[in-house]
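Now for the letters of each chain:
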Number of protein chains: 4
Amino acid sequence: MSFAPSSDAAAQALHERYRQVRAHTLALAAPLSAEDQCIQSMPDASPTKWHLAHTTWFFETVLLQRHAPGYVLRDERLHYLFNSYYEALGPRHPRPLRGLITRPGLDEVMAFRQHVDAAVEQLLQHADDALLAQITPIIELGLNHEQQHQELLLTDILHAFSCNPLLPAYLVKRQPVTSAPLRWLAQPGGVVDIGMPADSGQFCFDNETPRHQVLLQPYAIANRLVTCGEFAAFIADGGYQRADLWLSDGWATVRAQDWRHPAYWLAPDDPRRPFQQRDDLPADRWWVFGLDGVQALQADAPVAQLSFYEAAAYAAWADARLPTEFEWEAACNAAGITQWDDQVWQWTRSSYDPYPRFEPLEGIAAEYNGKFMVSQVVLRGGSVATPAGHTRPTYRNFFPPAARWQFSGVRLARDL
Amino acid sequence: MSFAPSSDAAAQALHERYRQVRAHTLALAAPLSAEDQCIQSMPDASPTKWHLAHTTWFFETVLLQRHAPGYVLRDERLHYLFNSYYEALGPRHPRPLRGLITRPGLDEVMAFRQHVDAAVEQLLQHADDALLAQITPIIELGLNHEQQHQELLLTDILHAFSCNPLLPAYLVKRQPVTSAPLRWLAQPGGVVDIGMPADSGQFCFDNETPRHQVLLQPYAIANRLVTCGEFAAFIADGGYQRADLWLSDGWATVRAQDWRHPAYWLAPDDPRRPFQQRDDLPADRWWVFGLDGVQALQADAPVAQLSFYEAAAYAAWADARLPTEFEWEAACNAAGITQWDDQVWQWTRSSYDPYPRFEPLEGIAAEYNGKFMVSQVVLRGGSVATPAGHTRPTYRNFFPPAARWQFSGVRLARDL
Amino acid sequence: MSFAPSSDAAAQALHERYRQVRAHTLALAAPLSAEDQCIQSMPDASPTKWHLAHTTWFFETVLLQRHAPGYVLRDERLHYLFNSYYEALGPRHPRPLRGLITRPGLDEVMAFRQHVDAAVEQLLQHADDALLAQITPIIELGLNHEQQHQELLLTDILHAFSCNPLLPAYLVKRQPVTSAPLRWLAQPGGVVDIGMPADSGQFCFDNETPRHQVLLQPYAIANRLVTCGEFAAFIADGGYQRADLWLSDGWATVRAQDWRHPAYWLAPDDPRRPFQQRDDLPADRWWVFGLDGVQALQADAPVAQLSFYEAAAYAAWADARLPTEFEWEAACNAAGITQWDDQVWQWTRSSYDPYPRFEPLEGIAAEYNGKFMVSQVVLRGGSVATPAGHTRPTYRNFFPPAARWQFSGVRLARDL
Amino acid sequence: MSFAPSSDAAAQALHERYRQVRAHTLALAAPLSAEDQCIQSMPDASPTKWHLAHTTWFFETVLLQRHAPGYVLRDERLHYLFNSYYEALGPRHPRPLRGLITRPGLDEVMAFRQHVDAAVEQLLQHADDALLAQITPIIELGLNHEQQHQELLLTDILHAFSCNPLLPAYLVKRQPVTSAPLRWLAQPGGVVDIGMPADSGQFCFDNETPRHQVLLQPYAIANRLVTCGEFAAFIADGGYQRADLWLSDGWATVRAQDWRHPAYWLAPDDPRRPFQQRDDLPADRWWVFGLDGVQALQADAPVAQLSFYEAAAYAAWADARLPTEFEWEAACNAAGITQWDDQVWQWTRSSYDPYPRFEPLEGIAAEYNGKFMVSQVVLRGGSVATPAGHTRPTYRNFFPPAARWQFSGVRLARDL
């Protein structure tokens, strides 16, 4: 057997990273009871327990089952229960029924995580260079996959809590956010490179490739995100009553679902706002539900949990527009840009189409991104719920235009 | 303080009964995890935790709040969350969202039960004769109400488990049931008394009153319930494919929902049947899901979890009919009758209409029964899930004709 | 050929009746354009053209195909298109799509009617006594069936017109109705005979048989129907906002569909009320849409197009109740009763259950009534839309409790 | 009054074009009965009569009401009934109820057309140069609008007929189509100009502007459309059963709606195929419903009435892809291209997003295109149903990806 100190170090580093990401998931679930972790508040959301199990299932299925010699499946039933949407991996539990899986219980799911974590540790300890080279990108994909679910875990429990009339808080109060004055940053346009280079050595998803050139017109982009205070002015000016500001589908949704404000805002007279703070505040103050429960609206905080429809209507009202995803990417590291990835994802005016010469990944990861490329809109950036180090300027997030349970907001752009 | 030995004894007896009924509810919940107790599998079902809290809410609202001097509500929020359908008691949490209430948690609901139980004990210890006379019927109503929810707790968790592809068992295997040969018991008809007499001294619900006379033709009634073996013969004879056997709404339901057998039956090749028993049994054996999980069909056991539509179609196929609720009541203590209240409720051929001169109870209990008297069908008897002592020959249970998650079956009748 | 004067006369009389009933159908359709006759405004309603064709299909299928020697079907396709709900007669065009059958056109349907009428005439001219005895009840059933569709033709076109914002009128203004003062007519109850005697010699449907005895308590019944003026007082008193007046299903419907008044009433400020009459009337005057278009509410006219839910809520508000169908039948010819069959059908407090020893008709008519005996409520009487001579005291009409497009109203009753 | 011969000629030419376009609409409606013209078979389709009236409403509202001195509205009610989706023009009749408007009848709608045509003729005869310059683009927009509805009139009546089990034919049999062998035409890519130049002097819609540059990679495009024969091979190869070929939304639709072949194809054993031709054809022959009724599948004819989902799945199966709308436009006049606008519209792999610096038209035409720019997919080309002269290489048609009642098909592309 050959002496391979460098790969030992690589394996150790990879395992350390594995442990950190996996531990972060548990830390996110820690404030939640077994009951909290079991429920599903709408078909598009998933229970915390399901996120815990599904990310583990991913490692078991894609890594251990295919690459760990002699690995035996922990439990056949988990394969069925915790597949998400991989058609190639056989039938699966219907998505809207995820909240009914009380058994296996949370303790069994935790044991499943430990079992898989131990097997991954074993695998990394005994992998030779060839195997390590083979499994490193798989583990890296699994960790990025888990980080995506870390954000979803938060958006989904927030939605679940929003359906409870008591509007419980997930955590104690966050620090207030301050915003700089709005400035328009001129961008030259021209031929720009978009997407991740093939030889970057950096992890990315297949939908960010291949890197290619796009021709842009000159434009200006806002130095910061749209704030809650600005959005309140839009509402006060009748923004939710003026059809001319909205896309047709957006307006139909406003009417059908009686939208009057962002999904997690509470009107000044909403009976669910907290008693103790009512008297200290002006009678026309909006309230905002978030991870820290119901708080009085902070004028400087970025508006969040917006749908694309609301984002586009606001931009029309503000005599501006949303940037395309290419404009966003070309500008995201420009001088003066703030809040690009630490507050809310930013809706772009780009539908989620494949890049030229896009090829999905091989194998089961083929279903990771490409098959969703229709009827969705691209968001760029990152949010308070995005794990540290997970995002990058080329990252393409996407949701349907009516989705309003994500940490999603607005950065404006204009023609020059 | 006056000497009042007789009412002391009465109060103690009442309290003893209170404690037994309340303890039975907890015993029913004991095999379930906090996760199990939180979920709701369809709008018509409720979480176990909700049953635990709602029955307690009933005592707090109807008894303590109105009759216990100085009683302070445990928690304002519980009033909103755990009202079921009492319009007179203000707004309430929407029924289909009951499964999203992870907070208050199960521990808080348990504490709520203890709090109310202690207050009821206090009330009974200090009640004078006048107060005791006033609150005794209220407590009796509350206990019967709780017993109804004891049965619903079982039917609802059984439904929830039926949505889990693992089909978990609520309890260990029950004893097998044996059935006598089918015999037809001739009944003379004529003018019979129906309903509970006003002066019986026995508890009953308002819908069982007033006692009145009904004129019946001679008829025959089956000595026992229809069995699973008999129902399997109906299926084998194409019962679910023959429109002529079904009521029009029933047939439409069969087609729209692709009914092929009772809701909790598993076809002989269903992948969810237990591995270990597959090889021991004939290949055409049906399987039945119940409180004891999935078991091979017992030919002699009464068929259960039937809708009225299925009950009526079976009766038509068997060249018989369902008894009216009056025929059932007149015959239920006749010589030779078995299984009248210990296996499954029995669908009758009577819509749930008010008795002549029916008057709902006064006060908030006015909403207990009367307002449901349309589009429902009467069931008579009792079931394995009915608490001991809860039912009686005049008891009128009712469900919509498509309901198939109750312990509901068939007793046949014929014209003579 | 034998001399058979008596049956000739009988055949001629039957043919005369046939011609009169069939001609009346055409007279009802005459004010309608081909476009009017083609459309279907909801799944429960049918196009006029469909009524014209289906009643003809009934004679072709039940009479000619089985009893007219050598009769050849006019067109195979009509069999599929114009069957209503007879499962025994094979597959049929889905009910909700009836309004899409523009071809065959109205002219072809009219030709179909003439073809069948000619064949029936031939059949009657050449029938011998035996055949005549055999087909007379079939023709009588077909004519009563057609009369039922005559009423439905009117209720259905009225619903279709109610969906047109122009609210067109089917006919010119009717005569105003006057109502007597309300009086309560005491009825003794006791054992009464219900249903049509077997040997009456009169036509009836199977659901009116067999005649049997029912035991009634003493009661009082209103001499006339509830008027629009009285119903307006119910509305003004908050009738549609008071949960306590409504059955549970009714209240859920009120809330879900935002009911505020009868379906065909227009609020005093409805923009669809006719311009020319607005200024002549008080500003709080309701308007009522009917066969004569939109007219100012007539206080004395019977309220119509009510659901059972509204009828029952009104009765509760008026400190009364609806009569059972047995009370209605026992009282309908009592001294002092008016408006029993010439204004609106009267909702009873009886679910539509089979009479004791009820047997459906033999053959395809078996599906005529019995299979609908669940989840429906009985109406008694007759309406302005019922053809002359079609109804009788034993007649049992039925609709689901939420139906509000029929000529259906309220006669009150009370316990004595 | 000034002498203005040149504008007289321009006015006459414009009027001649007006008359031709308007007459073509009537010619398309001519084979249809009043019944045919009244119905609406789904919310997305409209009755022929509605198309006749709405296109006329457009001229009355946008041209006559604003620019014809003294013009009086024909009928206030038409304004409400025949607005399509213009929010700025006030409330309108709900789209799904268009098929219930039997009154005004077809004759009244025809009279409305004549009234407006006469007023337009008057306007053009008396317009001075300034007015003519002002109204010419409005009339041109109105005529192009009417041409769009000419195509929709055909697609919508075809859908309506497809819901009739008799599958009637709109016209007599068309000429067979022949297809050339498939060839791949290499295209160089690079910077290409996309969209209509501002100074072209040619009519276009706002969504085709502004002309701008796009950077393309080299690619190949098919010389002709995918044929029915090729699509039958896709079906035979399990195309509708292989999840890996489909976008996620597409696969969900295939499963939910049980798609097995294009919407207007009839399986070889479909009972609705015509009797007379059954015996002459192979037992595995597909049938296709179209304007000429049901015909045996022509292997060389372009496949039509495809959704985007089906188009993309076919392309994946054929080891190809759909062209982007930019690739399509850059290639559509390349040597060797056939069938670009005379058979079916061609789905592209481009979501319907605004062009850079896109500005909607001023005034009420602002709602013409821009507000639909989300969740739709671009089609390019033209079809057998497109009026002569209506389309052009820059034309952007668009529909939701699940739409399958248009003349829509596939042209393949590949990376080079």
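Residues numbered from 1 in each chain as written. Chains lettered and ligands numbered in written order. Predicted model: local features only at pLDDT ≥ 70, side-chain atom pairs only at ≥ 80, totals over all residues. Heavy atoms only, no water.

A.B. asks: Got a sec to walk through the UniProt feature "domain: DinB-like" (unreviewed entry) in chain A? Specific residues and values, please.
C.D. replies: Annotation from UniProt places "domain: DinB-like" (unreviewed entry) at residues 18-151 of chain A. For the annotated span residues 18-151 of chain A, helix accounts for 66% and strand for 0% of the residues, and the straight-line distance between the end C-alpha atoms is 17 Å. (UniProt positions renumbered as here; feature names shortened; annotations may be inferred. Helix = DSSP H or I, 4+ residues; strand = E, 2+ residues; numbered from the N terminus.)

A.B. asks: I'd like to hear about the interface of chain B and chain A, residue by residue, with values.
C.D. replies: Taken together, the contact pairs 29 residues of chain B with 29 residues of chain A. Together, the buried faces of chain B and chain A total about 2,300 Å²; carbon and sulfur atoms form 61% of this surface. Interface area lost by chain B to chain A is led by Glu 35, Leu 100 and Arg 103 of chain B, which between them contribute 33%. Arg 103 of chain A is the salt-bridge partner of Asp 36 of chain B, the closest N and O atoms lying 2.7 Å from each other. Counting across the interface, chain B meets chain A through 12 residue pairs in polar contact (both at pLDDT 80 or more). When residues of the side of chain B that touches chain A are traced back to their parent elements, those giving at least two are α2 (34-38) and α4 (76-81) of chain B. Sort the elements by how many residues they give to the side of chain B that touches chain A and α2 of chain B lands first, with four residues. Looking at the side of chain B that touches chain A residue by residue, the classes come out as 17 nonpolar, seven polar and five charged. (Contact = heavy atoms within 4.5 Å. Buried area = accessible area lost by both parts, 1.4 Å probe. Salt bridge = Lys/Arg side-chain N within 4 Å of Asp/Glu carboxyl O. Polar contact = N/O pair within 3.5 Å; in protein donor to acceptor, adjacent residues only side chain to side chain. Nonpolar A, V, L, I, M, F, W, Y, C, P; charged D, E, K, R; others polar.)

A.B. asks: With reference to specific residues and values, describe the arrangement of the chains.
C.D. replies: For the non-touching pair chain A and chain C, the nearest C-alpha separation works out to 14 Å. Between chain B and chain D there is no contact, and the shortest C-alpha to C-alpha distance separating them is 14 Å.

A.B. asks: For the domain arrangement of chain A, give the residues involved together with the corresponding values.
C.D. replies: All names here are of chain A. Entries for chain A in the domain assignment read domain 1 (10-162) and domain 2 (184-415). Using C-alpha coordinates to define each centre, domain 1 is positioned 28 Å away from domain 2. Listed per partner, the contact involves 28 residues of domain 1 and 27 residues of domain 2. Taken together, both faces of the contact between domain 1 and domain 2 bury some 2,300 Å²; the carbon and sulfur share is 67%. Among the residues of domain 1 in contact with domain 2, Tyr 85, Glu 151 and Leu 158 are the three that bury the most area, contributing 27% of the side total. Here domain 1 and domain 2 share zero salt bridges between them. (Domains from an automatic or database assignment.)

A.B. asks: Which residues make up unusual backbone geometry, and what values do they have?
C.D. replies: Here the amide bond leading from Thr 209 of chain C into Pro 210 of chain C is cis, since omega sits at -5°, within 30 degrees of zero. Looking at where Pro 210 of chain C falls in the secondary structure, it is placed in the loop between β2 (190-194) and β3 (212-216). Non-glycine residue Leu 167 of chain A carries a positive phi angle of around 45°. Along the polypeptide, Leu 167 of chain A turns up in the loop between α6 (129-162) and β1 (184-187). Phi is positive for Asp 319 of chain C, which is not a glycine, with a value near 55°. You can see Asp 319 of chain C is positioned in the loop between α10 (308-317) and α11 (325-331).

A.B. asks: Just give me the short version of the pairing of strand β6 (residues 287-290) of chain C, but keep the residues and values in it.
C.D. replies: Successive residues of a regular strand alternate their side chains across the two faces of the sheet. Residue and element names in this part refer to chain C. Bridging between strand β5 (residues 265-266) and β6 involves two bridges; their strand directions are antiparallel. Paired with Leu 266 across the strands is Trp 287, a residue of β6. Bridge count between β6 and strand β7 (residues 293-296): four bridges; the pairing is antiparallel. Counted as the bridge partner of Phe 289 is Val 294 from β7. The antiparallel pairing of β6 with β7 creates a hairpin that spans two residues between the two strands. (Pairing = 2+ DSSP bridges.)

A.B. asks: Give me the interface of chain D and chain A: which residues, what numbers.
C.D. replies: Facing the 33 residues of chain D at the interface are 34 residues of chain A. The three residues of chain D that bury the most area against chain A are Leu 215, Arg 357 and Val 374 of chain D, which together make up 24% of that side's buried surface. Across the chain D-chain A interface, the total number found is two salt bridges. Inspection of the chain D/chain A interface yields 14 residue pairs in polar contact (both at pLDDT 80 or more). Counting only elements with at least two residues in the side of chain D that touches chain A, the list comes to β3 (212-216), α8 (248-256), α10 (308-317) and β8 (345-351) of chain D. Here the side of chain D that touches chain A takes four residues from β3 of chain D, the largest share from any one element. Broken down by class, the residue content of the side of chain D that touches chain A amounts to 18 nonpolar, eight polar and seven charged.

A.B. asks: Which residues make up the pattern of salt bridges, and what values go with them?
C.D. replies: Using the criterion set out here, one finds 96 salt bridges over all chains in the structure. Among the ionic pairs, Glu 367 of chain C bridges to Lys 371 of chain C, the shortest N-O distance being 2.6 Å. Like Lys 371 of chain C, Glu 367 of chain C is buried. Between Asp 270 of chain D and Arg 272 of chain D there is a salt bridge whose closest N-O contact spans 3.0 Å. Look at the salt bridges and you will find they share partners, linking Arg 22, Arg 113, Asp 117 and Glu 146 of chain A into a network. (Buried < 20%, exposed > 50% of the residue type's maximum accessible area, 1.4 Å probe, protein only.)

A.B. asks: Describe the sheet that holds strand β12 (residues 413-415) of chain D, listing the residues and the values that go with them.
C.D. replies: All names here are of chain D. Read across the sheet, three strands follow the order β1-β4-β12 without closing on themselves; strand pairing throughout is antiparallel. Of all strands in the sheet, those bounded by a partner on one side alone are β1 (184-187) and β12. Neighbour-to-neighbour, the strand axes of this sheet turn through a mean angle of 25°, independent of strand direction. Relative to strand β4 (residues 219-222), β1 runs antiparallel, the two being bridged by four bridges. By the bridge assignment, Ala 186 is partnered in β4 with Ala 220. (Axes fitted to C-alpha atoms, helices over the stretch in contact; angles between N-to-C directions.)

A.B. asks: Now, about the relation of the copies chain B and chain A: what can you tell me, with residues and values included?
C.D. replies: Note on the copies: chain B fits chain A at an RMSD of 0.0 Å, the axial shift is 0.0 Å, and the rotation between them is 180°. The symmetry that links the two subunits is that of a two-fold axis. Closest approach to the rotation axis within chain B is made by the C-alpha atom of Glu 35 of chain B, at a distance of 2.5 Å. Here 100% of the contact residues of chain B are again contact residues in chain A; the copies associate through an equivalent surface. (Least-squares fit on C-alpha atoms with pLDDT ≥ 70 in both.)

A.B. asks: If you had to explain the environment of Leu 26 of chain D to someone new, which residues and values would you point to?
C.D. replies: Here Leu 26 of chain D shows up in helix α1 (residues 5-29). Excluding residues within four positions of it along the chain, Leu 26 of chain D makes contact with Leu 52, Met 110 and Arg 113 of chain D.

A.B. asks: I'd love a proper account of the packing of helix α3 (residues 48-67) of chain A against helix α5 (residues 106-126) of chain A, names of residues and values included.
C.D. replies: When two helices pack together, their arrangement is captured by the angle between the axes and the distance separating the axes. Residue and element names in this part refer to chain A. Between α3 and α5, whose axes approach to 10 Å, the crossing angle comes to 30°. Classified by the angle their axes make, α3 and α5 are roughly parallel. Between α3 and α5 lies a crossing whose hand is left-handed. In this structure, α3 uses Lys 49, Leu 52, Ala 53, Thr 55, Thr 56, Trp 57, Phe 59, Glu 60, Leu 63, Leu 64 and His 67 to contact α5, whose residues at the interface are Leu 106, Val 109, Met 110, Phe 112, Arg 113, Val 116, Ala 119, Val 120 and Leu 123. Here the contact of α3 with α5 is built from residues that sort into 14 nonpolar, three polar and three charged. (Parallel < 35°, antiparallel > 145°, perpendicular 65-115°, else oblique. Left-handed = near helix turned anticlockwise from the far one by under 90°.)

A.B. asks: With reference to specific residues and values, describe α6 of chain A.
C.D. replies: Helix length check: α6 of chain A, at 34 residues, gives a terminal C-alpha distance of 49 Å against a target of 50 Å (1.5 Å per residue), a fit within 8%. Ile 135 of chain A marks the point of greatest bend in α6 of chain A, at about 35°, and the proline Pro 137 of chain A comes within the next four residues. (Expected span 1.5 Å × (residues − 1). Bend = angle between axes of the 7 residues up to and from the residue.)

A.B. asks: Can you lay out the relation of the copies chain D and chain A for me, pointing to particular residues and giving the numbers?
C.D. replies: When chain D is fitted onto chain A, the two copies agree to an RMSD of 0.0 Å after a turn of 180° and an axial shift of 0.0 Å. Of all interface residues in chain D, 100% are interface residues in chain A too; the two copies therefore contact each other through one and the same surface.

A.B. asks: Would you mind going over the sheet that holds strand β4 (residues 219-222) of chain A in detail, with residue names and values included?
C.D. replies: All names here are of chain A. Across the sheet, three strands lie side by side as β1-β4-β12; this open sheet has antiparallel pairing. Whereas interior strands pair on both sides, the edge strands pair on one side only; in this sheet they are β1 and β12 (413-415). The sheet shows a mean angle of 25° between the axes of neighbouring strands, taken without regard to direction.

A.B. asks: Provide a residue-level description of the pairing of β3 of chain C, including the pertinent values.
C.D. replies: Residues and elements named next belong to chain C. The alternating pattern of β3 places His 212, Val 214 and Leu 216 on a buried face, while none of Gln 213 and Leu 215, on the opposite face, is buried. As paired strands, β2 and β3 are joined by five bridges and run antiparallel to one another. By the bridge assignment, Gly 190 is partnered in β3 with Leu 216.

A.B. asks: Provide a residue-level description of the confidence of the model for chain A, including the pertinent values.
C.D. replies: Low-confidence regions, as indicated by low pLDDT, have predicted coordinates that should not be scrutinised in detail. On average, chain A scores 94 in pLDDT, and the residues at 70 or more come to 97%. The low-confidence segment residues 1-5 of chain A (pLDDT under 50) makes one contact with residues lying over four places distant or belonging to another chain. (pLDDT = per-residue confidence, 0-100.)

A.B. asks: Describe in detail the packing of aromatic side chains, supporting the description with residues and values.
C.D. replies: Evaluated as defined, the whole model comprises 100 aromatic pairs over all chains. Ring geometry for Trp 57 of chain C versus Tyr 86 of chain C: centroids 5.9 Å apart, planes at 35°, classification tilted. Here Trp 57 of chain C is found in helix α3 (residues 48-67), whereas its partner Tyr 86 of chain C is found in the loop between α4 (76-82) and α5 (106-126), with 29 residues between them in sequence. Given a relative accessible area of 1%, Trp 57 of chain C falls into the buried group. Looking at Tyr 86 of chain C, the relative accessible area reads 1%, which means it is buried. The side chain of Arg 98 of chain A reaches across the aromatic face of Trp 50 of chain A, ending 3.6 Å from its centre. (Phe/Tyr/Trp six-rings, centres within 6.5 Å; stacked < 30°, edge-to-face > 60°. Lys NZ or Arg CZ within 6 Å of the ring centre and 35° of its normal.)

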